[in-house]
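One letter stands for each residue in the lines below.
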Protein chains: 2
Amino acid sequence: MMRTRPLKVALLGCGVVGSEVARIMTTQAADLAARIGAPVELAGVAVRRPDRVREGIAPELVTTDATALVKRGDLDVVVEVIGGIEPARTLITTAFAHGASVVSANKALIAQDGAALYAAAEEYGKDLYYEAAVAGAIPLIRPLRESLAGDKVNRVLGIVNGTTNFILDKMDSSGAGYQEALDEATALGYAEADPTADVEGFDAAAKAAILAGIAFHTRVRLDDVHREGMTEVTAADFASAREMGCTIKLLAICERAADGGSVTARVHPAMIPLAHPLASVRGAYNAVFVESEAAGQLMFYGPGAGGAPTASAVLGDLVAVCRNRLAGTTGPGESAYAALPVSPMGEVVTRYHISLDVADKPGVLAQVATVFAEHGVSIDTVRQQGKDGEASLVVVTHRASDAALGGTVDALRKLDTVRGVASIMRVEGE
Amino acid sequence: MMRTRPLKVALLGCGVVGSEVARIMTTQAADLAARIGAPVELAGVAVRRPDRVREGIAPELVTTDATALVKRGDLDVVVEVIGGIEPARTLITTAFAHGASVVSANKALIAQDGAALYAAAEEYGKDLYYEAAVAGAIPLIRPLRESLAGDKVNRVLGIVNGTTNFILDKMDSSGAGYQEALDEATALGYAEADPTADVEGFDAAAKAAILAGIAFHTRVRLDDVHREGMTEVTAADFASAREMGCTIKLLAICERAADGGSVTARVHPAMIPLAHPLASVRGAYNAVFVESEAAGQLMFYGPGAGGAPTASAVLGDLVAVCRNRLAGTTGPGESAYAALPVSPMGEVVTRYHISLDVADKPGVLAQVATVFAEHGVSIDTVRQQGKDGEASLVVVTHRASDAALGGTVDALRKLDTVRGVASIMRVEGE
């Protein structure tokens, strides 16, 4: 039952991902046609620099006028792999208005304007798919919004940024400091010249907003995501983690509160036990651990970035959107019916590992313990180490709110006997 | 835009999985309705023993006449969690003929008669979904047939049977023998009184047939799957594996041949390197490792069995099928267009770890090496151990076909100096 009129696909952007999408559309054309039920045809490619040679793409398909391309009116699907907010946003809404469905890999845009884009898609009866926006090739959006549609997700713990995982893995395995590990990541092409978006957690925060929104059927804005980068993680932190049987990962954590009435989303470095499946995620790989009420603990693992892996996710969406188009239907749209409140970071409850530099004299521990008790933060273990008049106290707490821990730390800093708070690290995944 | 007429769902079977499906349909009714766009109503439950108390299910819904239930004509979806070939097969085709789509958790039936069931579903324009048939709660069917629809899967390596993984993990961690580990699995409820289907690999073989079919867009029959159980794995095998930096898992392996022109599917115990993500899958957990051309290496991990996890997969399918029904469409049907030949086991190419009991005298190694060379099997490493006139030779080969290895072993057995072949184990995942 193969239809002969091909489905027309326009590509916005032809960089690392776009060129792979175009290549696979050509080399796997027969497979794609069989799986969709109709051939797909690359109808146009919008680029910024038309003079660059693009192997395998007919020159007459290349244009610098992306707006004219999405306005053609005969397109079935527009694939947006430009990234960034504008012009991607306007091009996507224009594409909907002119009859096309959209596949996007744009995490920043979906995180910031997902609700408006979904509304535009619905207005025009078109599809918006974006599997590639989170964790590259790893099927994650579809499993969360379809496979787990009959379940209740309580927590998502994800390593969703390959650059930072590479750096932290390097620090863990070699004892290197942050700067040395970053330099290696840069030299190997895992980190960009300006690594801010990765190391400060902006990239992971966008993904956390998207994941939380889908997992909890609730709109979670980028501003709702508490964000801490990993530039201050030290070799000493890794040594402390190892003593606890843990390693350190930059995690995107989306949680439903114990009473079910609210959710939180956050990105920060955290200690996790070595026995946790996320602890053994090496190099630039990504993995997302999902805890749901009926399914229990699931993990999805794979390459989180790169041209071919991201193209795989884009093409999976392309096949789905084309099938929907042939069937005259659309896939699942935004699901935000639960509309749960997103609580601030202060209400997050977890455990903490705190290193204090203290005076090496009697009574310090009693003072410190009193401060914890006054703020309602219960201590699990304390380790004291003294040398040369200097001493350190490592405190691991029971579960407490971030607000209570913050108050405790403020009060500790005011103690004469506390010379400094060397590090505060949350402990997750226990 | 909530529709008020509920979608009617009949449940065939109300055991461990069915009762969880019914429970979640009740407790999560509002969420399911919001996600589907219409309420779902449990319209009938077919059971064998109507006298058993079924908490939360209205007695008037319970019937022993499954055939009459699926013939009602007003059902939207039939959920089949009876298992086995008959009466499940007839009930499913009857359900299609009377207007219902079907969600099944029945691996044996799908593996044996999937093509015929798909044909029946298509004839009546209905859906057949079966995410729960492979690896319980782990989203796997949907990612393979939808997320990776634009990619080319080359290999699937799966731990798809929790019972055998529990036993092998126990043997690995405690040094226990097979029988001792099986006894513990039985005592803890991980193994059934008759564990044959699990330990002889029948259960995993059914899953391998299903996975291979979806991964390669090719019909793979249960008979096409080479199957070896794990009852002969010994503590000595684990010791050998550890010396190679490996552990032993019962794997379902589906591969595309290097030339792309054929596929194979098999189930057997195999050594895999400790660094492979599958090596750290503990206890009764399942995990499936997928290698595809663009996405690279992906892994899906989670509970492979159990009432609630399996119900999660069933309900995800139920939501999808109900959405399709409201949209007046159906999801992807059978995709077997590639119709690749399924090669016999002899053509599988992998590495081998062979332990031989040999006479402890000069020249044995030369004789053994000659036999390998004559059969075109290249040796990677050899280790000799002698004690008390007895000696053993451990040979690890380079990649060779199963047929070549079989010929080698037959010839080795005929050597006077070879007293026995203690074990032959394939080495995978390198």
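Note: the structure precedes this text.
The following paragraphs examine the structure supplied in this document. Residue numbers run consecutively from 1 along every chain, following the written order of its sequence. Each chain is given a letter, starting from A, and each ligand a number, starting from 1, according to the order in which they appear as written. Totals for whole chains, interfaces and linings use every residue, but because this is a predicted model, local features are given only for residues with pLDDT of at least 70 and side-chain atom pairs only at 80 or more, for both listing and counting. The side-chain quantities take in all heavy atoms of the structure and omit both hydrogens and water.

1. Thoughts on the overall build of chain A
Per the convention used, a helix needs a DSSP run of H or I reaching at least four residues, while a strand needs a run of E reaching at least two, with both numbered from the N terminus. Helix and strand counts for chain A stand at 14 helices and 17 strands. For chain A, the C-alpha atoms occupy an extent of roughly 85 × 45 × 35 Å along the three principal directions. Taking all 430 residues of chain A together, 57% fall into the buried category. Note on definitions: a residue-residue contact is assigned when non-hydrogen atoms from the two residues lie within 4.5 Å. Pairs at least 24 apart in sequence give 73% of the contacts found in chain A among residues at least 6 apart. Accessible area of chain A: about 16400 Å², with a carbon and sulfur share of 50%. Burial classification: accessible surface area is computed with a 1.4 Å probe over protein chains only, and a residue below 20% of its type maximum counts as buried, one above 50% as exposed, and the rest as partly exposed. All accessibility values rest on the Shrake-Rupley procedure with a 1.4 Å probe; residue burial counts only the protein chains present in the view.

2. So, the relation of the copies chain B and chain A
Placing chain B over chain A gives an RMSD of 0.0 Å and needs a rotation angle of 180°, together with 0.0 Å of translation along the axis. Such a combination of rotation and displacement between the chain copies is what one expects of a two-fold axis. When each C-alpha of chain B is compared by its distance to the rotation axis, Phe300 of chain B comes out closest, at 2.4 Å. Both copies share a contact surface, since 100% of the interface residues of chain B are interface residues in chain A too. All copies are superposed by least squares; the fitting set is the C-alpha atoms of residues with a pLDDT of at least 70 in both.

3. A word on the interface of chain B and chain A
Taken together, the contacts link 46 residues of chain B with 46 residues of chain A. A combined buried area of about 3800 Å² lies between chain B and chain A, and 54% of that area is made up of carbon and sulfur atoms. Values labelled buried area give the accessible surface lost by two parts on being combined, using a 1.4 Å probe and summing over both. It is Arg35, Tyr301 and Tyr337 of chain B in chain B that bury the most area against chain A; as a group they hold 16% of the surface buried on that side. The salt bridge criterion pairs a side-chain nitrogen of Lys or Arg with a carboxyl oxygen of Asp or Glu, the two atoms within 4 Å. The tally of links between chain B and chain A comes to two salt bridges. With a closest N to O distance of 3.7 Å, Glu146 of chain A and Arg142 of chain B form a salt bridge. For the purposes of these results, a polar contact is taken to be a pair of N or O atoms within 3.5 Å, where, inside protein, one atom must be able to donate a hydrogen and its partner to accept one; residues adjacent in sequence count only when each atom of the pair is a side-chain atom. Linking chain B with chain A are 18 residue pairs in polar contact (both at pLDDT 80 or more), by the criterion used here. Counting only elements with at least two residues in the side of chain B that touches chain A, the list comes to helix H2 (29-36), helix H6 (141-147), strand S12 (296-303) and helix H12 (307-327) of chain B. Looking at which element gives the most residues to the side of chain B that touches chain A, the answer is H12 of chain B, with eight residues.

4. Some thoughts on the side chain of Asp224 of chain B
Residue and element names in this part refer to chain B. One can find Asp224 in the loop between helix H10 (202-216) and strand S8 (226-227). From its side chain, Asp224 meets the backbone nitrogen of Arg221 in a polar contact 2.8 Å long. If sequence neighbours within four positions are ignored, Asp224 has contacts with Arg219, Ala265 and Val342.

5. Notes on the pairing of strand S10 (residues 263-273) of chain A
All names here are of chain A. Of all 11 residues that make up S10, 11 are buried, and the element is covered over most of its length. Across the two faces of S10 the burial is the same, with Val263, Ala265, Val267, Pro269, Met271 and Pro273 and Thr264, Arg266, His268, Ala270 and Ile272 all buried. We call two strands paired when DSSP finds no fewer than two bridges between them. Relative to S10, strand S9 (residues 246-256) runs antiparallel, the two sharing 11 bridges. Looking at the pairing, Ile253 lines up with Arg266 of S10.

6. Overview of the sheet that holds strand S1 (residues 7-12) of chain A
All names here are of chain A. Sheet architecture is open: six strands sit in the order S3-S2-S1-S4-S5-S6, paired in parallel fashion. With one partner strand each, in any of the chains shown, strand S3 (62-63) and strand S6 (128-129) form the two edges of the open sheet. Where S1 lies against strand S4 (residues 77-80), four bridges are found, and the strand directions are parallel. By the bridge assignment for S4, Ala10 is matched with Val78. Contacting S1, S4, strand S5 (101-104) and S6, helix H4 (residues 88-97) crosses the sheet at an angle of about 150° to S5. In this description, a line fitted to the C-alpha atoms serves as the axis of each element, helices being fitted only across the stretch in contact, and the angle between N-to-C directions of two axes falls anywhere from 0 to 180 degrees.

7. So, helix H12 (residues 307-327) of chain A
Count 3.6 residues to each turn of an α-helix, and residues three or four apart come out pointing the same way. Residue and element names in this part refer to chain A. Expected helix span is taken as 1.5 Å per residue step, with the number of steps being one fewer than the number of residues. Here H12 contains 21 residues, and its C-alpha end-to-end distance of 30 Å stays within 8% of the 30 Å for a straight helix at 1.5 Å per residue. Of all 21 residues that make up H12, 18 are buried, and the element is covered over most of its length. Note on H12: the residue one or two positions beyond its end, Gly328, has a positive phi of about 70°.

8. Some points on the environment of Ala132 of chain B
Inspection of the secondary structure puts Ala132 of chain B in the loop between strand S6 (128-129) and H6. In this structure, Ala132 of chain B is in contact with Ser104, Ala105, Thr310, Ala313, Val314 and Asp317 of chain B, ignoring residues within four places of it in sequence.

9. What about helix H2 (residues 29-36) of chain A?
Residue and element names in this part refer to chain A. All buried positions along H2 are accounted for by Leu32, Ala33, Arg35 and Ile36. Where H2 is buried, its residues touch S1, helix H1 (16-27), strand S2 (40-46) and H12. Gly37 occupies a position one or two residues after H2 and carries a positive phi of about 100°.

10. A closer look at the environment of Val78 of chain B
Residues and elements named next belong to chain B. You can see Val78 is positioned in strand S4 (residues 77-80). Taking the C-alpha atoms as reference points, Val78 and Phe96, 18 residues apart in sequence, are found 8.9 Å from one another. Each residue touching Val78, except ones within four places of it in the same chain, is listed here: Ala10, Leu12, Val70, Ala95, Ala100, Ser101, Val102 and Val103.

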